[in-house]
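For reference, the chains in residue letters:
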Amino acid sequence: MNICTIIARNYAAHARVLARSFAATHPDGHCSVLVIDEPDGYLDPATEPFELIRLEEIGLPDAERMAAFYSLLELSTAVKPWLLRHLLDRDGVDTVTYLDPDIRVEDSLEEVDRRAREHGAVLTPHLTAPLPRDGRKPSEAEIMVAGSFNLGFIALGADGEIADPLLDWWSKRLEDECLIDPVNGLFVDQRWIDLAPGMWPGMNVLRSPAYNVAYWNLPQRRLEIDNEGYRVDGEPLRFFHFSGYDPRRPEELSKYQDRIALRSDAALSRICDEYGEELFDQGFEEAIAWSYGWSEAADGMKLDQIVRELYREGVESGRFTDNVFAGPGAARFAEYLSATVYNGGSAPVSRLATALWESRPDLRKAYPDIEGENAAGYLDWIRRFGGETGLSTELLLGEERSNGSAPEPSGTSAPAKPPKNPTAGVNVVGYLSSERGVGEAARQVLAALDTSRIPAAKIDAPAEPREIARVLPGLAAAEHPYDFNLLCVNADMLPTIAAALGPHFFEGRRSAGLWFWEVSTFPEQWHAAFRNLDEVWVASEFVADALRPVAPIPVRTIRVPVTPLEPANLSRAELGMPEGFAFLFVFDYRSVFRRKNPLGLVEAFVKAFAPGEGPSLVIKSIFGDQFPRQREQLADAIAGRPDIHLIEDNVSAAAKNAMVASCDCYVSLHRSEGFGLTMAEAMYFGKPVIATAYSGNLDFMTPENSFLVPSRPTRIGPDANPYPADGEWAEPDLDRVAELMRDAFRDPAASEERGRRAAGDIRLTHSPEAAAAWIDATISEARIAGAVGRLLDDRPSSSTSSVTNKLDHLLSFGGAIPDEEAGQMRGQAVRTYNRLLRPYAAYQHQVNETTNQALEEVRAELKDLRVTLADALEMDVDTHGRLAGAEERLRLLAAREAQRSQNLDEPSGQED
């Protein structure tokens, strides 16, 4: 039996798993793999478990043209008929079966071979029964767009009357029309095959549930496992199609569906986990990082969808025919892209810029007439934000750039553009209606802004990604009237949110993102999110340290309030907790089981106490039903220990807080935390906390208010998605944990004293008032940095570099524009210097003494800077006005800070 598949080189691990699974079930079979991009230096044909075939071997009419026409998915499906003919033309080959590379063969495919010889062609339908009309993905309508048959499988027989005419007809269509273009009825190779059974009635449709099992048909099929292997509706499973599965996201069956919860099905969980482990064993981590060989032209230009469409249009119209993978052709193609299509007065709009505009509804809305009055405004947008599109700004600007012109915006080009001087305040974007942690963070920030009486606009972003593009575009200026944007959206979703909001949301404003992240390495795949922001806010120095090495913009640490809901008035019995001394840990399975490390906690407790020795351990969890394998591991770990209690019921936040408030000691043996909210909440309720001395919790936990556990660094590994496998986190010392647990149990008075100290610290440093002051100061610094940046942009070209240097030095103290009286800067300098020292109010007098010394240095720096600015800046009236406005805001900030300093010096009445 002969099978084949098609990959780009970065799918090598998938092809290896397919080939090995086929060899295990068909020892005499042969597997061929077509690699569509250059394999040399990546794959060694002598060591691979398959025959390697190169693109130039299969007889394509023009491989370079097709590679430029098509995306990776389009090209890898377009070449399928040529590969099948190449293999069928070999001596002794009577059938060939194509299988997608993300398939694993589980049992004999001899029935497929028999049908191919008998009927000439074999297909499998996407659906053999109706899908429920439940609003989930995929729907029957989405299946109709993709096609009736799944072309992850097709088998052909060489001796029938179907293969030759079918392949001739199919290859002619796929040479130019293997596109993802559902509007025009096309979806790669699949939609064409919908027509084939009508033209060749002898084709066989294989309806057995045991073949091509995948996310689209699993709702209609029952997957089980027994001693003989996997079965589907009672039949032996022949092959499983893992379409959309990513071993780095092991809790998801497929990125293309939301109907099936992977961890709710034991057999499905097992087969996916097995497949994921095989992929990693076959080099997935190395291979998936390899670049696609046809992703760039010879000059390095990225061939994204827009560029490929322009190439195809140029070739089809006859205006461009060169090979872009050769130097001369790439140069001529760049000229073709940068050529002017529209010339709105003195603002020429290039072919590439026009295509970008046509592809973006937000740009069409903001600049509706790029042939005329909106051309200059659109080009100004390109100069500001064009780099964020991934396209070449130089080619986007086209002849305008080559002519050296740079017209100013016309002033009438963007109706949606915000006011020139928006009101001081904050536009807060976040999942305000969601129960997610990031949604709660956004709500806490709004509460802090309200405490500080800072005006704020609330912009509620949909938590579901598919809703973002429908809800957010078209936001009126009145809905975001303020001069500062705060996007409480993590880096993975920020580009999507920013694109939906549109460029007018950011123009004329300073923008920050409030991000949460849990390990020390920040994924490169999310670096593009920095482009949408002027700065990033984080809740701990640990997260800041992860971001700063890769961030091209400032990263600022802020205070987040710790204000848990009042605990419910429930007894331990009502909460399901045992009486006596109880340790507690609370976690969510969705937050990555290995990172939360409940197994380590169980091991430490078992080390510390024999059964029945006295204390108990309570582990409160949620969403364990979605992670049956990890849930089973935890259940196995506590077997035989009646003093370890699992509570898995969903309870209210008030009931959860009642558990925390009623325990005797909270324990978190996390391997890493971005902040550590449950630990902070336990401290708030006056509980002693035993915790790993690593990551974000060290911002508020000290040896004086907590029991910190030493740890050693360890590699994260492959099964902790979304965290990078080659990253690092901590492994807590379980022997030391056992000692601390014994100490806490045997000396409860000392533990209670530690808890009281913890409550005093966390209620002081993370109170709503403290968080509000911190956020207020951060916004003030950001505004100052933006004002100084604009002033520097406006200064005459003859200004010396010393101006920039001295302003940078001043900004290192928190930022200020010099006033006529240095004494008026005292409040600003005190506030900034205090923030840099991260003081507690209890140490205010000590800090003030240090601050007074620093003020003398600031005054001297201001004096020098004032002289330098007077000499270097020859400002026009508008610049003078902007400077005066900035100075007035600084005076108000100084007055506010003087009052705040006075308040801090007075007794607060708050418990120590």
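Above this note sits the structure.
In this text, all values refer to a predicted model and were calculated from it rather than measured experimentally.

What follows deals with the overall build of the chain. Scanning the chain for helices and strands turns up 35 helices and 30 strands. Sorting the 912 residues of the chain into buried and exposed places 53% on the buried side. A separation of at least 24 residues holds for 70% of the contacts in the chain among residues at least 6 apart in sequence. Carbon and sulfur atoms make up 48% of the accessible area of the chain, which amounts to about 38900 Å² in all.

Before going further, it helps to examine the sheet that holds strand E23 (residues 582-588). Strand order in the open sheet formed by 6 strands is E25-E24-E23-E26-E27-E28, and the pairing between neighbours is parallel. Strands at the two margins of the open sheet, each flanked by one partner only, are strand E25 (644-647) and strand E28 (707-709). In this sheet, adjacent strand axes meet at a mean angle of 20° when their direction is disregarded.

As a further point, take the packing of aromatic side chains. Scanning the model with the defined rule gives 47 aromatic pairs in all. Relative to Tyr666, the ring of Phe585 lies with its centre 6.3 Å away and its plane at 55°, an arrangement referred to as tilted. Of this pair, Phe585 sits in strand E23 while Tyr666 sits in strand E26 (residues 665-668), placing them 81 residues apart in sequence. What makes Tyr666 buried here is its relative accessible area of 0%. With centroids separated by 5.1 Å and ring planes inclined at 50°, the aromatic side chains of Phe675 and Phe700 adopt a geometry described as tilted. Of the two residues, Phe675 is situated in the loop between E26 and helix H28 (677-684) and Phe700 in the loop between strand E27 (689-692) and E28; the sequence distance between them amounts to 25 residues. By the burial criterion, Phe675 is buried, and Phe700 matches it. Three or more aromatic residues link up through ring pairs in this structure, and these residues are Trp515, Trp517, Phe522, Trp526, Phe530, Tyr723 and Trp729.

With that settled, the discussion passes to the pattern of salt bridges. Per the counting criterion, the structure on display carries 54 salt bridges. Close ionic contact of Arg248 with Asp246 constitutes a salt bridge, the shortest N to O distance being 2.9 Å. With its nearest N and O atoms 3.0 Å apart, the salt bridge here joins Glu648 to Arg631. Placement of Glu648 in the loop between E25 and helix H27 (653-662) and of Arg631 in helix H26 (residues 628-637) is noted, with a sequence separation of 17 residues between them. A relative accessible area of 32% places Arg631 in the partly exposed class. Look at the salt bridges and you will find they share partners, linking Arg104, Glu106, Arg270, Glu274 and Glu278 into a network.

For the pair helix H12 (residues 305-317) and helix H14 (residues 351-359), interaxial distance at closest approach is 10 Å and the crossing angle is 120°. Put simply, H12 runs oblique to H14. The way H12 lies across H14 gives a crossing that is right-handed. Residue-level contacts link Ile306, Val307 and Leu310 of H12 to Arg351, Leu352, Ala355, Leu356 and Ser359 of H14. Residue classes in the contact of H12 with H14 are distributed as 6 nonpolar, 1 polar and 1 charged.

By the bridge criterion, 4 bridges tie strand E24 (residues 616-622) to E25 in an arrangement that is parallel. By the bridge assignment, Lys620 is partnered in E25 with Ile647. As for the winding sense of the linkage, the β-α-β connection from E24 through H26 to E25 is right-handed.

All right, on to the packing of helix H25 (residues 598-608) against helix H29 (residues 734-746) then. Across the interface, H25 lies against H29 with an axial gap of 8 Å and an inter-helix angle of 60°. One finds that H25 runs oblique with respect to H29. In this structure, H25 crosses over H29, and the sense of that crossing is right-handed. Touching Gly600, Leu601, Glu603, Ala604, Phe605, Lys607 and Ala608 of H25 are Leu734, Asp735, Val737, Ala738, Met741 and Arg742, all from H29.

Moving on, we come to a negative patch on the surface. Together, Glu177, Glu309, Glu313, Glu316 and Glu358 line one region of the surface with negative charge. If you tally residues by element for the negative patch, the top one is H12, at 3 residues. Along the chain, Glu177 turns up in helix H7 (residues 163-177).

On to H14. For H14, a buried count of 7 out of 9 residues is recorded, marking the element as mostly surrounded by other parts of the structure. Looking only at H14, the buried set comprises Arg351, Leu352, Ala353, Thr354, Ala355, Leu356 and Trp357.

The next point concerns the sheet that holds strand E17 (residues 423-430). One open sheet accounts for 6 strands, arranged E18-E17-E19-E20-E21-E22; its pairing is parallel. Edge strands, defined here as strands with exactly one partner in the open sheet, are strand E18 (456-460) and strand E22 (555-557). Pairwise comparison of adjacent strand axes, ignoring direction, gives a mean angle of 25° for this sheet. Lying on the sheet, helix H21 (residues 494-501) is in contact with E17, strand E19 (482-488) and strand E20 (510-515); it crosses E19 at an angle near 145°.

Keep in mind that most residues, glycine aside, have a negative phi and that most peptide bonds are trans. Look at the link from Lys137 to Pro138: it is a cis peptide, with omega at -10°. By the element assignment, Pro138 lies in the loop between strand E6 (121-123) and helix H6 (140-146). The omega torsion of the bond from Asn721 to Pro722 falls at 15°, within 30 degrees of zero and hence cis. The topology assignment puts Pro722 in the loop between strand E29 (711-715) and strand E30 (728-732). The backbone of Val188 shows a phi angle near 40°, a positive value even though the residue is not glycine.

Procedures and definitions
Residues numbered from 1 in each chain as written. Predicted model: local features only at pLDDT ≥ 70, side-chain atom pairs only at ≥ 80, totals over all residues. Heavy atoms only, no water. Helix = DSSP H or I, 4+ residues; strand = E, 2+ residues; numbered from the N terminus. Buried < 20%, exposed > 50% of the residue type's maximum accessible area, 1.4 Å probe, protein only. Contact = heavy atoms within 4.5 Å. Areas by Shrake-Rupley, 256 points an atom, 1.4 Å probe, with all protein chains shown as cover. Pairing = 2+ DSSP bridges. Axes fitted to C-alpha atoms, helices over the stretch in contact; angles between N-to-C directions. Phe/Tyr/Trp six-rings, centres within 6.5 Å; stacked < 30°, edge-to-face > 60°. Salt bridge = Lys/Arg side-chain N within 4 Å of Asp/Glu carboxyl O. Parallel < 35°, antiparallel > 145°, perpendicular 65-115°, else oblique. Left-handed = near helix turned anticlockwise from the far one by under 90°. Nonpolar A, V, L, I, M, F, W, Y, C, P; charged D, E, K, R; others polar. Right-handed = clockwise from strand over helix to strand, strands pointing away. Patch = residues over 30% accessible without salt bridge, like charges linked within 9 Å, V, L, I, M, F, W, Y side chains within 5 Å. Lys, Arg positive; Asp, Glu negative; His and termini not counted. Charge placed at Lys NZ, Arg CZ, Asp CG, Glu CD.

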